[in-house]
Amino acid sequence: DDSDWGSWENPDGKEDGAQQQSAPWLQDCVLSLSPCSDLLVIAREHKATFLSAKWRTEESGQEEMTLTVTWSGTLSADEGECICSVICIPLSSQKRSSTGRPDWTCVVVGFSSGYVRFYTESGVLLLAQLLHEDPVLQLKCRTYEIPRHPGVTEQHEELSILYPAALVTIDGFSLFQSLRACRNQVARAAAAGSDVIQPPPLAYKKWGLQDMDKITDHSSIGITTLSVFDQMKNASMLGGFHASVKGSPPAMSQYITVGGGPYTGFYYAIEGSSQPLLSHVALAVASKLTSALFSAASGWLGWKSKNEEESVQKQKPKVEPATGLPVRFGLPDSRRHGESICLSPCNTMAGVTDDFGRVTLLDVARGIAIRMWKGYRDAQLGWVQVSEARGERDLATSPSMPRRHAQFLVIYAPRRGILEVWGTQHGPRVGAFTVGKHCRLLYAGHRLMGVNSVTSQGWQIHTQQVCLFDPVNGALRAVTIPFHLALSDKKSERAKDMHLLRRLTTLLRSREVDVLLDIKHPAIKKQALESLLSNKNAPVSCLTNVTRALLASLKEQDPEAVDESLLQFCSSQLKLLQLYTDVQLLHTPDISPTELLLSIQPSFSGIEEDLARVGPVLQRYTEMNSRPCVSFAQDSSGPLPVRTFLSQLEWVNGELRVIKQPDTDWTQLGSFLFWGCLSGQSPLQRVCETLQESGISPQQLLSLLLSGWLNKEKDVLKYPDAVSHLGTLLSTLSSMKGAVDESWDGQSVSPWWQQVRTACVQSESSAAALLAALVAHRVAKNSITRLAESKFQEEWECVSMELEQWVVCIKQLEDVLALQTLLCLPSPQGSTGGAVTRCSVKTLLESGRGGVADYVSKLIFRQGMSPDVLRDILQRRGENEPVEQQLQQDRLKIFHELLECVCQRFPNSLSPDVLFAHCSWENVVQWNKDPEWSVEFLKMISNPHIQFGVSAMMWQTFIVKRFSAAAFLMEKVGKAPKDRLCRRDVGMGDAAMRSFLGSSVQLLQALMEADSAVEEVSAPDVCVEEVWGGAEGPVSIVELALDQRSVHYPLVQHHCVLASLLHAAMTFSLRLKPLSLFDSKGKNAFFRDLSSIQLLPSGDMDHSLVAVRQEVSHNNGVKHSSTEDMWPSVCMELSSILQVNTDILRRHLVCELYNQGLDLRAEEVMMEVQDKDVLGSQLLVLTGQRLAFSLLHSQSQTKPNMELLARLPPTLCTWLKAMDPSELRCPSVPLSQSSRLINKVIEMLPENHDVLVHLFCRLNMSHLCCLLVNKH
C-alpha cells in the first residue's frame, strides 16, 4: 500500500466540518516560508504578519519548535495598493563561527502599484523600488548551488520580478551587498539618532517579454550555452541557408513563462545585449533634508510628515524602458492556459500546472513535455532533491565518484486532499498522504543568498525543501524522502526491507520484534539487529530470544545462501548476551552466606602493618574528600546497560576482547564484572571461573579490575574488607593460565605486575592506587617467596628486582597521597577556588623537578596565604608550638599540619627558598598587575642567586612592558594620569598603577641587593628526593633562575631612579614629565635588557637639565611638603642621584614650612642648611609678609597698631607696606612665632647685609610686646 510510508492522515479518516468552513480564508492570502523554516509571512491586501520560529516547552517537558507572531502591520505606502507577491530570502552569515547559517532574513514584497519593497524580520523598511508601473505578478529567487559535476556551469544569484509584460532581474551579489549595507545604516541611524544616508544604487536588467498574449508565472533557468549543433540549427532556422555562425556559442540567460498564446514560452537573452540599469533606491530613514539633498533620487521614501509624504508621492519616479525580448519558441495550445511553473533544483526539469487540471513535466534544455498527469485541478507543486548516502553504494564503486542525486516531484491536490510524491523523470508514485483540503504547499525554490564556491566548501546548507502548511491545526510539516525510493519500484525487496526496518523501530517500544525475521536483505537484517541490540528499553531476555531465533533461522537456510558476516555477528552477540546474563545472575543477592565466606580465602599476610603505617594519612584524606559537593545522577550509578556491555566487547578470531578506544571508559564494565566481589556480595571464585571460561585474557581482566577499583575510590574507602577481597582477586587472576610468564624467575621485572604498577602510577585516585599497590606488593612478594622456596629449599631472604620496583612505587604513592591530601584543602569562602587539583605519580614525574613546589605554590595562592604567615610556618616546621594566634583558627591549623607533612616527605623539593621562589612566581603569573605579594615572597628568599634570577625573570617577563607603558603615558600627559587613561594604556586603574610602581621600585632594589651579594655566596645545587630522581619535564623556576645572566648594575640603578620618580608622581599627584629629566643617553638606556651594556649619563650633567630637575622639585615640593612626610625624604634621596643641590632643596623646604605656619618643623630642617646667609635673605621677605598682615591687613585695625606704625621709621614702614601677605598659605600665625623668626633672621643675616637689618635691630621689642597685649 503506497500510503503505508509515513502517512499523515487522521486515524478516523475524517475532518471536523466546522474547521473546514473556517479554513478557506487562507486561499485569499499570500504565503511565503523561508528555506530555513524560521520565518513565515502571511499577507492579505495591505496587511502582513511575520511569524518567527521559537522553542516552546510543553507541560510534559518536551520541547517543540513553534512559529509565533513577531510583527504585524500595514506594508502599503501608496493609497489603494495591495500586496501581490512575497518571498523570504535568508542572507548567509559572514562569520566563520556561524558558517552555513543565515544571518538574517529579508522579506521582499511586490505590490499592485509596481513597487518592490525590502523589509527586515521586524518589519523595518530597507529599500523601495519602482521598476515598472504594472502589478507585480511573481517574485522568485535563484541562489548558488554546488555543481555536482565538473562540467556544470556555475549559476549566479539573482532576484527576478515578473510583471504582466516585463521581467526584471536584479543581480544577487549587488543585492546582497546593498541589503547588508542598508540594514547596517538603519541600525546605526536608529542607535545614534542620525538622519539620512544615501543608499547605493541597484543594478538590474529589464526585459519586455513579447509574442505572448498573457503571462501568469515564470522561471529563470540561468546562463546556458548551446552545443555547436544546436547553435547551427538555430542559426539556420532563424537566418536561413546563408546564415553566419559564430565561432563559439554565446552565453544566454534562459527564461520560461507560462500563460496563454502560447501556453509555454521560451526566451533567450544573449549576455551583453542589455546593459545593467543603475536605479535609485529608497531607504527607510529620512529627515527634513530629504527633499533638498536627494531630490534627484527616484523612489525615495521615508518617515516624513503627512504633507511631505503627499508631495513626494505626487512625484512619480522615473521608470526605465524595457529592452524587447522576443520569444524563441513555445508550446502552442490555444485552449490551454498555464497557471504556475516550478523549476527543479537541478535546473533540468520544470512542472507546469494549467486550467485543465493537468500537471506537465517539461525538459528545460530541449523545450519539450516529457510527462503529464491528469486530475490535479488547482494543484500546487514542489521539488525534493535527495543525495545518496555513502554507505548505500556498492563496494565496487569508487569512493571518488560524485554522489548521485534523485529528483522527486511533490504534487498537492487540494480538491482531493492528497499529497503525492512522484519519482522523475518516469518514476512511479513513491508516496501518498491524506491531508486536508485547505492546505498550502510551500516551496521556496532557493536557499541562502550570499554563498559562493569559496564559502560553501566544507559545510552543508541547512534548509528545508518542501513544507505543507495546514491552517486547520496550524501544523507545518516537512516532506522527507529516502533515496532508495528512486532506485526501483515499490515491489523491490530493498524498499520492503526499509519499511520493515522502520516498522521495527516503531515496535521496539512495545517489544514486538518478530518482524525482524521477515527481513530478507542481509545488510538490512544486520542493521535491524544492531538497532535492536542498541535499544535501551529492550530486556536481555528479549534480546537473547530474538538473536537465538535469528541464528537458528540462518542455520536452517542453505549454507551457500547465508551471509557469513551476518552469521558470525549473530553468533558472537549471542555469546555476549549469555555472558552478560551469567554475570548478572552471579551478582544477585540469592547466593548463600556460606558460599560467600568460602570464596574469601586470604592468600597473603603483612597487609595489616602497611595499613597501620599509612592509616593516619588515609584517614585525613578521607575526611578531606567526604565534605558535601554537587553531584549529578548518571547511568553509571545503576546496573550496566546491556547495550553498553555489547559495545565494549567483541569476538575476534574466536577470542573475546575488550574494545580499546582512546575515549572508552572501562569503569562501568569493570564495576559490573568485579564490584560485587570487591564489596563481598558475590561469590568470587565462581565469578572468576565464569570470566575465565568466557575467553577474556587475564591481562584484560586485570585492566578491568583495576579500572573499577581506581575509579570507585569513595566506595572503596567505605568497605574495610574491600582490601582483602582485592588481594584474593589478584591472587586468583595471577594464577590463571597466561597471566604470569612461566619463565619468570623473580630477578627480572614481570610484565603482569608492571601492568599493576603502571595503572597505579597513572591514576589520580591516590588512596585507591596506594591500597592497590600495597595489596599487589604483598601478593607478588608471596609469589616470589614461594618461587624461591621451591628452587632453593632453604630459608633465604628473597631479594629481587621486582620487589625493589614495588618499594619505589609504594614510596612514590605515599608521597602523592600526602600531597593530594594537601591539595584537597578547600578554598576560603568568597574566593574563586575552582575544582580540586588532582595529581598522580605520572604527572609529578612529567612535571620536572619543580612539579611539587608548583602544585603547592598554586594551592598557597588559592588559599590567599600571606607571605608572613607562610614564613612563620616554615620557620617553625617540626615544632609543636603554635605559629601565631591566627593558627588557632581551624583552617590555618589544618593547613599547617598538612603542609608540614608534605614538607617532611619532600625536604629538597619544598625547601624554603624553592617554595618562596615558586610562590613569588605564581603570584606574579596570576596577578601581574599588582605584584605586591610576589615581591614580598621574593624578599624572603635567602640565597642571593635564586633571588637574583627570579627577580630578573619577573622584570623581563611581566614588569617591564607595563612599566614602560606607564612611563610613556606619564611623559605624554605631563602629570599623574587619570583612571581612564591608566586603564586604556597600561591596563589597570590609577590605584593599581600606584601599587604596581611601588612594587617595581622594591623589585629593582631587591635585584640590586641580590646582585651585590652573589659574589659572596656559592650557587646552590638543585636536588630532589631519591625516589623522584627520574623526574623529567619542564625546567623548574629555580633552575631557570640559576641560569640567568648577570645584569649591568648601573643600568638597574638607572631604572630604579625612573621607577621612584613614577611612583612619587602617582603617589603625590605631581606634575612632571619623567623622561624629560634625563638626557638622550639616559632615555635610550631605558627599557633595555638589564644584562646589556648601555651608554649611561656621565658624571657632569648639563646645567639646563639640572635646572629643569630643580624646578620640578621646587614646584612639586610647594604642594606636598606640608601634608606628606614622605615626599621631602624622597626628594632628598633622588636629589643626589639627579645631581640637584640638596642645600637648595632644604632652603626651599624651610621657606615652605614657614609659609605653611609649621615653624617648629622648619627649625628642625634649618639646622641642616649650609648657606645661612641666603636662607636669611629668603626668610626676611617672609617675615615682612607676616608683619604686614598683622599690622596692615588684619580685620581689626586697633589704635595701638596705628600708633606703632606711626613710631616706625619711614623706611621700615614703606617696606612693610610693599609686602604682599596673600602669598602666605597660613598668614594667621601667632606673633610669638613671628618674633622668634625675627630673631632667627637677625642671627643668620650678616651685619653689613642691608639697612633693614639695622632697622630691625633698632625696632624696640616693647612695640611687639604692646602689639601682643593688644592682640590678646
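Residues numbered from 1 in each chain as written. Predicted model: local features only at pLDDT ≥ 70, side-chain atom pairs only at ≥ 80, totals over all residues. Heavy atoms only, no water.

1. A look at the overall build of the chain
Alright, step 1. Per the secondary structure count, the chain includes 42 helices and 31 strands.
Alright, step 2. For the chain, buried positions account for 49% of its 1272 residues.
Alright, step 3. Counting contacts in the chain only where the partners sit at least 6 residues apart, residues at least 24 apart contribute 69% of the total.
Alright, step 4. Carbon together with sulfur atoms contributes 50% to the accessible area of the chain, which is approximately 62700 Å² in total. (Helix = DSSP H or I, 4+ residues; strand = E, 2+ residues; numbered from the N terminus. Buried < 20%, exposed > 50% of the residue type's maximum accessible area, 1.4 Å probe, protein only. Contact = heavy atoms within 4.5 Å. Areas by Shrake-Rupley, 256 points an atom, 1.4 Å probe, with all protein chains shown as cover.)

2. What about the side chain of Glu971?
Alright, step 1. Examined against the element boundaries, Glu971 turns out to sit in helix α27 (residues 944-973).
Alright, step 2. Buried charge without a salt bridge: Glu971, with Lys1083 as the nearest opposite-charge side chain at an N-O distance of 5.4 Å.
Alright, step 3. When near neighbours in sequence (up to four residues on either side) are disregarded, Glu971 contacts Lys1073, Pro1074, Leu1075 and Ser1076. (Lys, Arg positive; Asp, Glu negative; His and termini not counted. Salt bridge = Lys/Arg side-chain N within 4 Å of Asp/Glu carboxyl O.)

3. Things to note about a nonpolar patch on the surface
Alright, step 1. There is a patch of nonpolar side chains on the surface, built from Val228, Met232 and Val245 and spanning about 260 Å² of accessible area.
Alright, step 2. Tracing the chain through its elements places Val228 in helix α3 (residues 228-239). (Patch = residues over 30% accessible without salt bridge, like charges linked within 9 Å, V, L, I, M, F, W, Y side chains within 5 Å.)

4. Regarding the sheet that holds strand β14 (residues 251-260)
Alright, step 1. Taken together, the 4 strands give an open sheet; going across it, the order is β13-β14-β15-β18, and neighbouring strands pair in antiparallel fashion. Each having just a single partner strand, β13 (214-225) and β18 (327-331) make up the two edges of the open sheet. Strand-to-strand twist across the sheet, computed as the mean angle between neighbouring axes with direction ignored, equals 20°.
Alright, step 2. When strand β15 (residues 264-270) meets β18, the two strands line up antiparallel, connected through 4 bridges. Paired with Phe266 across the bridge in β18 is Phe329. (Pairing = 2+ DSSP bridges. Axes fitted to C-alpha atoms, helices over the stretch in contact; angles between N-to-C directions.)

5. Details of the nonpolar core
Soluble globular proteins: nonpolar side chains tend toward being buried together.
Alright, step 1. Judged by nonpolar contacts, the single largest core of 184 residues is most densely connected at Phe645, Trp709 and Leu870.
Alright, step 2. No other element matches α27, which puts 15 residues into this core.
Alright, step 3. When neighbours within four sequence positions are excluded, Leu870 is seen to be in contact with Ile860, Met865, Leu899, Leu915, Phe916, Cys919 and Phe937.
Alright, step 4. Cys342, Leu409, Trp422 and Leu485 belong to the second-largest nonpolar core, a separate cluster that totals 36 residues. (Core = buried A, V, L, I, M, F, W, Y, C linked by side-chain atoms within 4.5 Å.)

6. Focus: the pattern of salt bridges
Alright, step 1. Applying the stated criterion across every chain, the model contains 29 salt bridges.
Alright, step 2. For Lys140, the salt bridge identified is with Asp217, shortest N-O distance 3.3 Å. Remark: Asp217 occurs in strand β13 and Lys140 occurs in strand β9 (residues 138-142); sequence separation between them is 77 residues.
Alright, step 3. A salt bridge links Glu897 to Arg620; its shortest N-O distance comes to 3.4 Å. One end of the pair, Glu897, is in helix α24 (residues 890-905); the other, Arg620, is in helix α11 (residues 607-625), with 277 residues separating them in the sequence.
Alright, step 4. For Glu897, a relative accessible area of 40% translates into the label partly exposed.
Alright, step 5. Accessibility expressed as a relative area gives 25% for Arg620, which makes it partly exposed.

7. Description of the confidence of the model for the chain
Alright, step 1. Confidence in the prediction for the chain averages 79 pLDDT; 76% of positions are at 70 or higher.
Alright, step 2. Confidence drops under pLDDT 50 across residues 279-314; counting only partners more than four residues distant or on other chains, this segment forms 72 contacts.
Alright, step 3. In this model, residues 1257-1262 is a region of pLDDT below 50 whose contacts with residues beyond four sequence positions or in other chains number 4 contacts. (pLDDT = per-residue confidence, 0-100.)

8. Here's the deal with unusual backbone geometry
Both trends apply: most residues other than glycine have a negative phi, and most peptide bonds are in trans.
Alright, step 1. Here the amide bond leading from Gly261 into Pro262 is cis, since omega sits at 5°, within 30 degrees of zero.
Alright, step 2. With respect to the helices and strands, Pro262 occurs in the loop between β14 and β15.
Alright, step 3. With an omega of 10°, the peptide bond between Thr424 and Gln425 qualifies as cis.
Alright, step 4. Mapped onto the elements, Gln425 comes out in the loop between β25 (418-423) and β26 (429-434).
Alright, step 5. In this structure, Glu45 is a non-glycine residue whose phi angle is positive, near 55°.
Alright, step 6. The topology assignment puts Glu45 in the loop between β2 (39-44) and β3 (47-57).
Alright, step 7. Even without a glycine there, the phi angle at Asn347 is positive, about 60°.

9. Looking at the packing of helix α15 (residues 698-710) against helix α18 (residues 751-762)
Alright, step 1. Closest axis-to-axis distance for the α15/α18 pair is 11 Å, and the angle between their directions is 25°. Regarding the angle of α15 to α18, the classification is roughly parallel. Every pair of crossing elements has a handedness; the one defined by α15 and α18 is right-handed. Residues Pro698, Gln699, Leu702, Ser703, Leu706 and Leu710 of α15 form the contact with α18, whose own contacting residues are Trp752, Gln755, Val756 and Ala759.
Alright, step 2. Here the contact of α15 with α18 is built from residues that sort into 7 nonpolar, 3 polar and no charged. (Parallel < 35°, antiparallel > 145°, perpendicular 65-115°, else oblique. Left-handed = near helix turned anticlockwise from the far one by under 90°. Nonpolar A, V, L, I, M, F, W, Y, C, P; charged D, E, K, R; others polar.)

10. With respect to the environment of Asn943
Alright, step 1. The residue Asn943 is located in the loop between α26 (932-939) and α27 in this model.
Alright, step 2. Accessibility expressed as a relative area gives 11% for Asn943, which makes it buried.
Alright, step 3. Separated by 70 residues in sequence, Asn943 and Ala1013 have C-alpha atoms that sit 9.0 Å apart.
Alright, step 4. Asn943 has contacts with Asp913, Val1017, Ser1018 and Pro1020, leaving out every residue within four places of it along the chain.
Alright, step 5. Within the local environment of Asn943, its side chain forms a polar contact with the backbone nitrogen of His945, the two atoms lying 2.9 Å apart. (Polar contact = N/O pair within 3.5 Å; in protein donor to acceptor, adjacent residues only side chain to side chain.)

11. Some details on the sheet that holds strand β24 (residues 405-413)
Alright, step 1. One open sheet holds the 4 strands; their spatial order is β23-β24-β25-β26, and the pairing between them is antiparallel. With partners counted over all chains shown, the strands left at the sheet margins are β23 (380-387) and β26, one partner each. The average angle at which neighbouring strand axes cross in this sheet is 20°, direction not considered.
Alright, step 2. Across 6 bridges, β24 lies against β25 in antiparallel orientation. What sits directly across from Leu409, in β25, is Trp422.

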